[in-house]
Amino acid sequence: MSEVIVVTSGKGGVGKTTTSANVGTGLAKLDKKVVLIDTDIGLRNLDVVMGLENRIVYNLVDVVEGNCRAKQAMIKDKRYPNLYLLPSAQTRDKTSVTPEQMKKLVEELKEEFDYIILDCPAGIEQGFKNAIAGADRALIVTTPEVSAIRDADRIIGLLEANEMKKIDLIVNRIRMDMVKKGDMMSIEDVLEILAIDLIGAVPDDENIVIATNQGEPLVGNNTLPGQAYMNICKRIIGEEVPMLDLAGSNGFFAKIGKLFKKN
Amino acid sequence: MGVFDLFKKKSSGNVAKDRLKLLLVSDRANCSPEIMEMIKNDIINVIAKYMEIDSEGLDIQITQTESDGSNGNVPALIANIPIKEVKHNS
């Protein structure tokens, strides 16, 4: 059975696109057939994070408007046999696509793919509405900052109002050294405030910048964020994976792990 | 600077958490500043019938408080209204 997952956050710059790229690539590495859809029309980014920017011919708007078939617009990632990208249009705006059209497209793609990952634009306007229209579940990306968590709370409210079946949280860019000193909210703090299920935490790590520079998602390699993203992918497909120890001490994360298993 | 400062000073992480909690209560209650201002004015009008209050010093906010029941924290409207003089005109 295929699943449609929207990656969203409300606030910009918290790591939606990086998360989409890594989750999509990770699921492909786990032998799932995956298509990543960049729904940020006008501000195309997922293609560069994936390192596929030179291979774009058609885009999402072309598909929706019937200028080409979905198959023609999807770029096959040569590094992974099961991974495809449907890029966004750079010279159009959010109103070029409607929620109904997105739903229809996603339904069509469901027949061929195990996972459809929708990279949502920032904000709560048309682009957001388009991205969530056809989704079965949502991954909320937030950072341990007041502004990002506030926006995440708003997004969760909107998703619940839209009857999203499953909503999970990814706490991104956590710095355990700062948490230890009391200068950053902990994963527990964020969970207490947002009160949704945690599916993973990703540390703030220079390897993310390096991977983005190179256009190659780091999921699954032996860096800490690479492991964290792979664990998130395994949890998405239903495996039980203990929470990664980001700090190098047991107590704290063992607790989070237990929290996770309860759900 | 010393050990005592450590105890006195709240860590910035906790400051962030407390600010967020308050912020989200009013966000979730969907109360705009305009509506808060209307509530404030109505409260002043009602109470002014019975006592003279310091409308400048009046402070109302939506916050969280523990409920007597078992359902944990509930939103509450807290008003701090300084009284200047109680009217005796009965």
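Here's a quick rundown of the structure. Since this is a predicted model, take the numbers as computed values, not measurements.

Next up on the list: the pattern of salt bridges. Residues and elements named next belong to chain A. A full pass over the atoms with the stated rule returns 19 salt bridges over all chains. Between D136 and K110 there is a salt bridge whose closest N-O contact spans 3.8 Å. With D136 in the loop between α6 (126-133) and β6 (137-142) and K110 in helix α5 (residues 99-110), this residue pair connects regions lying 26 residues apart in the sequence. Each member of the salt-bridge network shares a partner with another, and the members are E3, R137, K166 and D168.

Taken together, the 13 residues of chain B in the interface contact 12 residues of chain A. On inspection of chain B and its partner chain A, the count reaches five salt bridges. B:K21 serves as the salt-bridge partner of A:E192, at 3.0 Å between the closest nitrogen and oxygen. Along the contact surface separating chain B from chain A lie nine residue pairs in polar contact (both at pLDDT 80 or more).

A few words now on helix α1 (residues 16-29) of chain A. An α-helical turn contains 3.6 residues, so a residue and the one three or four places further along point in the same direction. Residue and element names in this part refer to chain A. In this model, α1 (14 residues) spans 20 Å end to end at C-alpha, consistent with the 20 Å of a helix rising 1.5 Å per residue. Within α1, 13 of the 14 residues are buried, leaving the element largely enclosed by the surrounding structure. One or two steps after α1, the chain reaches D31, where phi turns positive at roughly 70°.

Quick look at helix α3 (residues 33-47) of chain B now. Residues and elements named next belong to chain B. Over its 15 residues, α3 extends 21 Å from the first C-alpha to the last, a length consistent with the 21 Å expected when each residue adds 1.5 Å. Among the residues of α3, M36, I43 and I44 are the ones counted as buried. Take α3 and look down its axis: the buried residues cluster within an arc of 100°, on one side only. Along α3, the residues that are exposed and aim more than 90 degrees away from the buried face are E34, M38 and N45.

Residues and elements named next belong to chain A. By the alternation rule, side chains of strand β4 (residues 83-86) split into L83 and L85 and Y84 and L86, which are all buried. Of the strand pairs in this sheet, strand β2 (residues 34-38) and β4 are connected by four bridges, and their pairing is parallel. Paired with V35 across the strands is Y84, a residue of β4. Summarising the sheet, strand β3 (residues 75-76) and β4 pair through two bridges and their orientation is antiparallel. Considered in β4, the bridge of I75 is made with L85. In textbook terms, the turn of a hairpin is the stretch between consecutive antiparallel strands, and for β3 and β4 this stretch comprises six residues.

All names here are of chain A. On inspection of all chains with the given rule, the structure shows one aromatic pair over all chains. Each ring, one from Y84 and one from F113, has its centre 5.6 Å from the other, and the planes form 75°; the classification is edge-to-face. With Y84 in strand β4 and F113 in the loop between α5 and β5 (115-119), this residue pair connects regions lying 29 residues apart in the sequence. Across the pair, exposure class does not vary: Y84 and F113 are buried alike. The ring of F113 carries K33 above its face, with NZ or CZ at 5.2 Å from the centroid.

Reading the values: rules and limits
Residues numbered from 1 in each chain as written. Chains lettered and ligands numbered in written order. Predicted model: local features only at pLDDT ≥ 70, side-chain atom pairs only at ≥ 80, totals over all residues. Heavy atoms only, no water. Salt bridge = Lys/Arg side-chain N within 4 Å of Asp/Glu carboxyl O. Helix = DSSP H or I, 4+ residues; strand = E, 2+ residues; numbered from the N terminus. Contact = heavy atoms within 4.5 Å. Polar contact = N/O pair within 3.5 Å; in protein donor to acceptor, adjacent residues only side chain to side chain. Expected span 1.5 Å × (residues − 1). Buried < 20%, exposed > 50% of the residue type's maximum accessible area, 1.4 Å probe, protein only. Arc of directions from axis to C-beta. Pairing = 2+ DSSP bridges. Phe/Tyr/Trp six-rings, centres within 6.5 Å; stacked < 30°, edge-to-face > 60°. Lys NZ or Arg CZ within 6 Å of the ring centre and 35° of its normal.

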